[in-house]
Amino acid sequence: MATVIVPSPLRPLCEGAATVEAAGATLGELLRAVDAICPGFWERTVEDGRVRPELSIALNGHAHRYGLSEPIAPRDEVAIVPALGGGR
Amino acid sequence: MPMRRSHVQTTLNGEEIDFLCEPRQSLLEVLRDELGLTGTKEGCNNGNCGACSVILNGRVTNACCVLGVEAEGASVVTIEGVAEGDRLHPLQQAFLEEAALQCGVCTPGFIVAAKALLDAEPNPDEGRVRHWLAGNLCRCTGYDKIVRAVLKASDAQEVTA
Amino acid sequence: MTTIEKPAYKVIGTRPIRPDGVEKVTGKALYGADVHLPDLVHGAVLRSPHAHARIRSIDTSAAEALPSVLAVVTHADLPAVADTVIDTGEGVTRASDMSLNVLAGDKALYRGHAVAAVAATSAHEALAALDAIAVDYEPLPPVLSVRDAMRADAPLLDENRRTKQPDGALSDGPSNVAAHSRFEGGDLEAAFADADAVVEREFDTKMVHQGYIEPHNGTANWNPDGTLTVWTSTQGAFAVRAMLAELLRLPVSRIRVVPMEIGGGFGGKIGIYLEPLAALLSRECGRPVQLTMDRTDVFQATGPTSGGHMKGRLAVKDGVITAAEVSLAFEAGAFPGSPVMAGAMCMLSPYDVANFRVDAYDVVVNKPKVAAYRAPGAPNAAFCVEQLIDELAREANADPLAFRLRNSAREGTRMITGVAHPRIGHEETIGAARDSDHYQSPIEGPNRGRGVASGFWFNAGMQSSVVASVNPDGTVNLIEGSTDIGGTRASLAMQLAETLGIPYDDVRPTVADTDSVGHNDVTGGSRTAYASGQAVYEAGLDIQRQLVERAARLWECEAEDVSFVDGELRHASDADRRLTFAELAGKQMETGGPLQGRGSVVARSPGAAYGVHVVDVEVDPDTGKVDILRYTIAQDAGTAVHPAYVEGQMQGGVVQGIGWALNEEYYYNEDGRMENASFLDYRMPTSLDLPMIDTIIVEVPNPGHPYGVRGVGEVPIVPPLAAIANAIHDATGHRFTELPISPRRVVEELHHLR
């Protein structure tokens, strides 16, 4: 089972839970599994077969635009965060 | 509409040259667009950043504030005239060694302005260097390494003098 | 200052001269405006004089009739864009917003908004031709602050815009608030109720500009077969290519973007402004066209960063920060996309705060569309939080650095997003600042004060792609795609030299165009030394593997019997069998042909960076002038590849922060005109305003990079605004919550004149 950290705006879908445990071999499967527990989660996070452009996934602390086929291992931690850029 | 161009004769980096320019063209435009010397940069075009510093008749001057026709009979030194052949000026060498440039666009202006300082005052202290260079803006370095480079170059020049 | 047993690097950590240095100190390096092409013509852009206006019509016929005019374009010449977002590497922008920003459609949304562009036989003729374009404007009342924009009766920039709310739903009615996001955790009310002390304040910051000395430029040549070449000073040639492809509806392969040298970017040269205009003009007149901006246009019509309004309330109990409630409303400019989220996510990241609520509002106003500026959003947010922390420390009777240390985040602490920090260096950086000669020295004298502040920036990873070709003489050509704004050619050459065990001078780096190298994301996000460095490392390993195979071939043994050590190929059991890198490079043809290494990465573990700053100021109570007496910056760089360029990033960011704190602002009149759109009155620091900036490089290596590199470019600008405000409070007893803390503001507030 992987742990999914639920961002504040989506917690109402999960009855207020801040984290959800779910199983999935890939990011896409994991998000589908979360959607089964928190209806509407998939629609809020995925669009046109990829993670919504305004979002990033942080996999074990590392934020990036992972594809839905990204492998997820048991005990991985997945957070959904706003996508960001940089200046310099 | 296009203007009649004036014929100008001047001494540029020690060499007597001539060029044609419209009366409305600045010396900066002439250097960059007519003479192909793009080392002198445009940062603001109104005399506030020093990126276009040249030495005109011995004085540091913003080339954007001088008309091309005003170069008639004058002596102009640009960044292209600072090194001697393949021998860098001590300022140029010091800027490299001290990492006194990041994007490098203000660097020609600083080197020309600093050269004018060291030509007039071979041994300035930090305060004098900062005061002299206050008309040259740099946004990348915070000036620290630029000031160190100028002081290092003045020491190097002393050694070889 | 290293924190662990550091490997004995041969090249990393030294200070060689950068490979592009000589051309830059002799004026030979070519920046975007230096491009000269055969048959090149110049253009100019007509811009709206109104901050907010409906454009009823544009009549270009008189301009087109002028003999010197070769082409005129307006928004009608741009194709309709797809309903999509473009990921530029600085965030996402709607293609339609980008298209309307490049050339105004039915509305001008800020003074300076481009309305039309011309190409003519000379730059002067092009400027003169602008007067012949007749635009019929219907001026509308402008909205010039977030507070005004958020009022129920505020004029609307876009009647179709509704607020995207935290639950994902859109608001019922139209609004200038493009988005409202929220982060929450713990039990805020209980924490406030239980606190020893609570501090609460509101803060205001102003729009400021990155202030790069080189104005924007764009040169384009459109061929009759629809291929387009663009030369430009940009932070990201591939980002430019992607944006042009969307805006001009061209296949990406038809566009070649040549990144010229760039005179500063800081995030402001990722977006495109002139390039699409030059392309359209070139298409129309059949000649290459060059556009450059003057400084007024740079201020009015590029991408400064947000001003905004912030409210913060923090609580402390037993010396521990127990609660934080912060609301941030940032100006996005004419189109959505302020960095309010980044600011929200950074401001508490130096600390471990269990109970929080952060509200972030992205608000459109009639000002230029904001772009990234060095750690976008974070300096503003730090101005709020780091001052409140200063107050909490005083309430708790604690030394400000000790207070921050006590509350510091460490590996495993969760940020407000719920993501746990990996190995980070805030504690070590606080220690370095505390132990510095500066902090240990007393500050004496009237009107003098000392302030400290912490700062955080995530740093980016993203994609980089390089190729390294080994020459028969043992030198290596490194083909990379990261624009060199501050010495990255040197840093990448150093990392490749280290990997291959060869001298730095044997690596020759080139920054290539989009046809000549694989995809590289922008030089920005403090990512280049980290991510392009990782690609370079992979290319080096690729070369090592091939060299091992070739040596095995030569020695007629197995590859397992050959190792690559210190730039040499060695046989496991036969000590006589050795080849240097150069010797084996010389045998390329007979061992398999041309030798190239490839590195293509998606860098996923950038090391976040912390900075802790100490500043001493003196405030003149009569003139209001604030002098910076002494400034020390401690920053965790992971591993400093080229320490001089790391120091340079630290010093440069600090000085931008000093300008932002003390003088810089977009000063608007009530009609929405920026009244100080020149370097004379938009007052950036000069050499005379500053002392030397002392730097302490802390090294807590990033486990996610082969050499431990962390990004360094952005975090230096995050603490100065608050550090200086804290110092001024220490000097005067007055806390300034509005920027800039200019002489006028100091006099007015100290003497209660407002």
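This is a predicted model, so every value here is computed, not measured.

J.: Pulling in residues and values, what's your account of the state of the cysteines?
T.: As enumerated under the stated definition, the model contains one disulfide over all chains in all. One disulfide in the model links A:C14 with A:C38; its S-S distance is 2.4 Å. Its S-S torsion of about 115° marks the bond between A:C14 and A:C38 as right-handed, since a negative value means left-handed. One end of the pair, A:C14, is in the loop between β1 (2–5) and β2 (19–22); the other, A:C38, is in the loop between α1 (27–37) and α2 (41–45), and 24 residues separate them in sequence. For the pair shown, A:C14 and A:C38 are each scored as buried. Between B:C44, a cysteine without a disulfide, and B:C49, which holds the nearest cysteine sulfur, the sulfur-to-sulfur distance is 3.7 Å.

J.: Would you mind going over the pattern of salt bridges in detail, with residue names and values included?
T.: The full count for this structure, using the stated rule, is 70 salt bridges over all chains. Linking B:R5 and B:E34 is a salt bridge whose minimum nitrogen-to-oxygen distance equals 3.4 Å. Taken together, the residues span a long stretch of sequence, with B:R5 in the segment before β1 (6–12) and B:E34 in helix α1 (residues 27–34) at a distance of 29 residues. Look at B:R5 and you get partly exposed, because its relative accessible area is 39%. Salt-bridge contacts for C:R357 lead to C:E325; the nearest nitrogen and oxygen are separated by 3.4 Å. Placement of the pair is C:R357 in strand β19 (residues 355–364) and C:E325 in strand β18 (residues 320–333), with a sequence separation of 32 residues. A relative accessible area of 22% means that C:E325 is categorised as partly exposed.

J.: Can you tell me about the pairing of strand β2 (residues 15–21) of chain B, naming the residues and giving the values?
T.: All names here are of chain B. Pairing geometry for β1 and β2, over seven bridges, is antiparallel. Considered in β2, the bridge of Q9 is made with D18. Count of turn residues in the β1/β2 antiparallel hairpin: two residues, of which N13 carries a positive phi of about 50°.

J.: How would you summarise the interface of chain C and chain B if you had to cite specific residues and measurements?
T.: The interface is formed by 56 residues belonging to chain C together with 51 residues belonging to chain B. Each partner contributes to the roughly 4300 Å² buried at the junction of chain C and chain B, and carbon and sulfur atoms together form 58% of this total. Per-residue buried area on chain C facing chain B is highest for C:V25, C:I213 and C:M692; these three make up 17% of the total on that side. Inspection of the region where chain C meets chain B yields five salt bridges. Between B:R32 and C:D34 there is a salt bridge, with its nearest N and O atoms 2.8 Å apart. Taken together, the links from chain C to chain B amount to 27 residue pairs in polar contact (both at pLDDT 80 or more). Those elements that provide at least two residues to the side of chain C that touches chain B are α1 (21–25), α4 (123–130) and α18 (643–662) of chain C. Residues of the side of chain C that touches chain B, tallied by class, amount to 27 nonpolar, 21 polar and eight charged.

J.: Requested: an account of the interface of chain A and chain C, with residues and values cited.
T.: Each side of the interface is counted separately: chain A has 23 residues, and chain C has 46 residues. Both sides together, the interface formed by chain A and chain C hides about 2500 Å², and carbon and sulfur atoms give 56% of it. At the junction of chain A and chain C, the tally comes to two salt bridges. Of the charged contacts in the structure, one is a salt bridge between A:E77 and C:R414, with a shortest N-O distance of 2.6 Å. Summed over the shared surface of chain A and chain C, the number is six residue pairs in polar contact (both at pLDDT 80 or more). Sorting the residues of the side of chain A that touches chain C by element identifies β6 (62–64) and β7 (77–82) of chain A as the ones contributing at least two each. Here the side of chain A that touches chain C takes four residues from β7(A), the largest share from any one element. Classifying every residue of the side of chain A that touches chain C gives nine nonpolar, seven polar and seven charged.

Criteria and cut-off values
- Residues numbered from 1 in each chain as written.
- Chains lettered and ligands numbered in written order.
- Predicted model: local features only at pLDDT ≥ 70, side-chain atom pairs only at ≥ 80, totals over all residues.
- Heavy atoms only, no water.
- Disulfide = S-S within 2.5 Å.
- Helix = DSSP H or I, 4+ residues; strand = E, 2+ residues; numbered from the N terminus.
- Buried < 20%, exposed > 50% of the residue type's maximum accessible area, 1.4 Å probe, protein only.
- Salt bridge = Lys/Arg side-chain N within 4 Å of Asp/Glu carboxyl O.
- Pairing = 2+ DSSP bridges.
- Contact = heavy atoms within 4.5 Å.
- Buried area = accessible area lost by both parts, 1.4 Å probe.
- Polar contact = N/O pair within 3.5 Å; in protein donor to acceptor, adjacent residues only side chain to side chain.
- Nonpolar A, V, L, I, M, F, W, Y, C, P; charged D, E, K, R; others polar.

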